[in-house]
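Coordinate analysis (summary)
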Amino acid sequence: MNASDAENSPELPALCTHDVLSTSDLFYVHFDERGCSVTLGFSRVHGSQGVEFFLRFHGVRDVHVRGWGAPGQKDVHVERVSDGTVQVSASSDGSSLRFRAVDATLSRRRSFLAASSG
């Protein structure tokens, strides 16, 4: 793939897979109208290791929100569609969020020690 191909089909952050996002707790949603962006914060814990990460979506449009449940696991999909935009949806019982964005970036990632649940 040459440089112009990469610019025409930029990769989404590796953390944007359905398996990762839907098994993480979505605990943070921030709309920034000044920058037309949405930031989603996720957290995962495996044993005593945890990771928290934030995905920022730029050039957001076509936002639809219906209700919103407590932080927790949601059915989350992030995919690049044929027109080159990123389509995002997050839903759980009684709530949903969806929008389109120009691009997505990993804006922050942090590892931490988690308390044992035993």
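The structure under discussion appears in the preceding block.
Quick caveat, the model's predicted, so the values are computed rather than measured. (Residues numbered from 1 in each chain as written. Predicted model: local features only at pLDDT ≥ 70, side-chain atom pairs only at ≥ 80, totals over all residues. Heavy atoms only, no water.)

**Side note on the pairing of strand 1 (residues 25-32)**
As a reminder, the rule being used: In short, DSSP must find at least two bridges between two strands for them to pair. Strands are runs of DSSP state E lasting at least two residues, helices are runs of H or I lasting at least four, and both sets are numbered from the N terminus onward.
Where strand 1 meets strand 2 (residues 37-46), seven bridges bridge the pair, whose relative direction is antiparallel. Bridge pairing in strand 2 links His30 to Thr39. Hairpin connection of strand 1 to strand 2: four residues between the antiparallel strands, including Cys36 at a positive phi of 45°. Inspection of the sheet shows strand 1 paired to strand 5 (residues 72-73) by two bridges, in the antiparallel sense. Each bridged residue has a counterpart across the sheet, and for Leu26 the counterpart in strand 5 is Gly72.

**A short note on the pattern of salt bridges**
In plain terms, the rule: A side-chain nitrogen of Lys or Arg and a carboxyl oxygen of Asp or Glu constitute a salt bridge if their distance falls within 4 Å. Throughout, exposure labels follow a simple rule: accessible area from a 1.4 Å probe, protein chains only, divided by the maximum for the residue type, with under 20% read as buried, over 50% as exposed, and the rest as partly exposed.
One pass over the full model with this rule turns up six salt bridges. With its nearest N and O atoms 3.6 Å apart, the salt bridge here joins Glu52 to Arg108. With Glu52 in strand 3 (residues 49-58) and Arg108 in strand 9 (residues 103-113), the pair connects residues that are 56 residues apart, well separated along the chain. The class for Glu52 is buried, based on a relative accessible area of 13%. Here Arg100 and Asp83 are joined by a salt bridge, their closest N and O atoms 3.6 Å apart. Placement of Arg100 in strand 8 (residues 95-101) and of Asp83 in the loop between strand 6 (75-80) and strand 7 (86-92) is noted, with a sequence separation of 17 residues between them.

**Things to note about the sheet that holds strand 3**
If you walk across this open sheet you meet the five strands as 5-1-2-3-9, and the pairing is antiparallel. Edge positions in the open sheet fall to strand 5 and strand 9, since each of these has one partner strand only.

**Some points on the packing of aromatic side chains**
For clarity, the threshold we go by: Here the aromatic set is Phe, Tyr and Trp, taking the six-membered ring for Trp, and pairing holds for ring centres within 6.5 Å; pairs whose planes are under 30 degrees apart are stacked, those over 60 apart are edge-to-face, and all others are tilted. Lysine NZ or arginine CZ positioned within 6 Å of the ring centre and within 35 degrees of the ring normal marks a charge as sitting over the ring.
For the coordinates displayed, the defined rule picks out four aromatic pairs. Summarising the aromatic geometry, the rings of Tyr28 and Phe54 are spaced 5.5 Å apart at their centres and angled 80° between planes, so their arrangement reads as edge-to-face. Placement of Tyr28 in strand 1 and of Phe54 in strand 3 is noted, with a sequence separation of 26 residues between them. Geometrically, the ring pair formed by Phe57 and Phe99 is edge-to-face, given 5.4 Å between the ring centres and 75° between the ring planes. Within this pair, whereas Phe57 is found in strand 3, its partner Phe99 is found in strand 8, the two being separated by 42 residues in sequence. Just as Phe57 is buried, Phe99 falls in that class too. What links up through ring pairs into an aromatic cluster is the set Phe27, Tyr28 and Phe54. For Lys74, the ring lying beneath its charged end belongs to Trp68, and the centroid distance is 4.9 Å.

Interpretation in functional terms is not warranted from these geometric data alone.
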